[in-house]
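An overview of the molecular structure
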Amino acid sequence: EIVMTQSPATLSVSPGERATLSCRASQSIRSNLVWYQLKPGQAPRPLIYDASTRATGIPARFSGSGSETEFTLTISSLQSEDYAVYYCQHYNEWPRTFGQGTKVEIK
Amino acid sequence: QITLKESGPTLVKPTQTLTLTCTFSGFSLTTSTVGVGWIRQPPGKALEWLAFIYGNDDKIYSPSLKSRLTITKDSSKNLVVLTMTNMDPVDTATYSCVRSYYYDIRYFDLWGQGTLVTVSS
């Protein structure tokens with residue numbers, strides 16, 4: 001199965017600053033990658049799919065890039081509601097696998 | 001409105017079988033192009049995909065848990081059922097059902113709120 005590795009595990013960012021999250025796949029997944037945002041008590045929300053396409057209703061401050069094995073999620077200017085845990089997941093094949101998550105916390 | 005909702009026991013004993021039900025609305029599970037599955041998240045740990053069933057009844061299981069899982073559907077009642085045998089305390093987690101498609105939207109575009117299952121004697 002494809003192993004997804006996220007870094008860092010925790011990212012401390014001040015409001016208004018940029019956050020850059022990384023996700024690496026153990027083999028090529030082309031652009032078959034999605035980023036989710038998880039908040040306590042809420043259902044996970046897809047942010048970016050196909051590595052770089054924003055899901056419906058997602059603010060433009062969220063952007064995704066990358067292909068094959070290296071991917072990045074960028075939050076250009078952190079808002080209070082963006083402090084959460086972010087997971088990447090591939091859908092190139094079964095089994096679908098997730099990264100270990102990156103927690104974005106207030107600095 | 002398109003929704004997914006999980007139901008089932010909140011507490012099971014070790015060695016027991018867990019049965020969870022996902023009741024969905026706003027779409028039908030009758031074609032090969034759409035499916036419903038299950039994902040879990042132990043407290044403080046990462047997400048783990050478990051099983052998936054398409055509308056044509058094709059089923060896919062996590063290789064590491066395949067021997068313990070069974071997924072079924074009742075399209076007429078809009079529900080998907082997951083059973084997991086021989087439960088252990090390490091299976092304590094929030095279990096969520098999800099939707100995905102065979103084409104286009106191949107990620108999990110819709111999630112339920114999840115249900116916490118605790119395994120303890």
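What comes next concerns the included structure. The shown structure was predicted, so the numbers you read here are calculated from the model rather than taken from an experiment.

It is worth spelling out the packing of aromatic side chains at this point. Where two aromatic rings form a pair, the distance of their centres and the angle of their planes describe that pair. Counting across every chain of the model gives 14 aromatic pairs over all chains. Considering the side-chain rings of Tyr49 of chain A and Tyr107 of chain B, the 5.0 Å spacing of their centres and the 20 degrees angle between planes classify their relative orientation as stacked. Of this pair, Tyr49 of chain A sits in strand β5 (residues 45-49) while Tyr107 of chain B sits in the loop between β9 (93-101) and β10 (110-111), placing the two residues on different chains. Classification of Tyr49 of chain A by relative accessible area gives partly exposed; the value is 23%. A relative accessible area of 6% places Tyr107 of chain B in the buried class. Ring centres 6.0 Å apart and planes at 50 degrees place the aromatic pair Tyr91 of chain A and Tyr107 of chain B in the tilted group. Here Tyr91 of chain A is found in the loop between β9 (85-90) and β10 (102-106), whereas its partner Tyr107 of chain B is found in the loop between β9 and β10 on a different chain. The class for Tyr91 of chain A is buried, based on a relative accessible area of 1%.

Definitions and cut-offs
- Residues numbered from 1 in each chain as written.
- Chains lettered and ligands numbered in written order.
- Predicted model: local features only at pLDDT ≥ 70, side-chain atom pairs only at ≥ 80, totals over all residues.
- Heavy atoms only, no water.
- Phe/Tyr/Trp six-rings, centres within 6.5 Å; stacked < 30°, edge-to-face > 60°.
- Helix = DSSP H or I, 4+ residues; strand = E, 2+ residues; numbered from the N terminus.
- Buried < 20%, exposed > 50% of the residue type's maximum accessible area, 1.4 Å probe, protein only.

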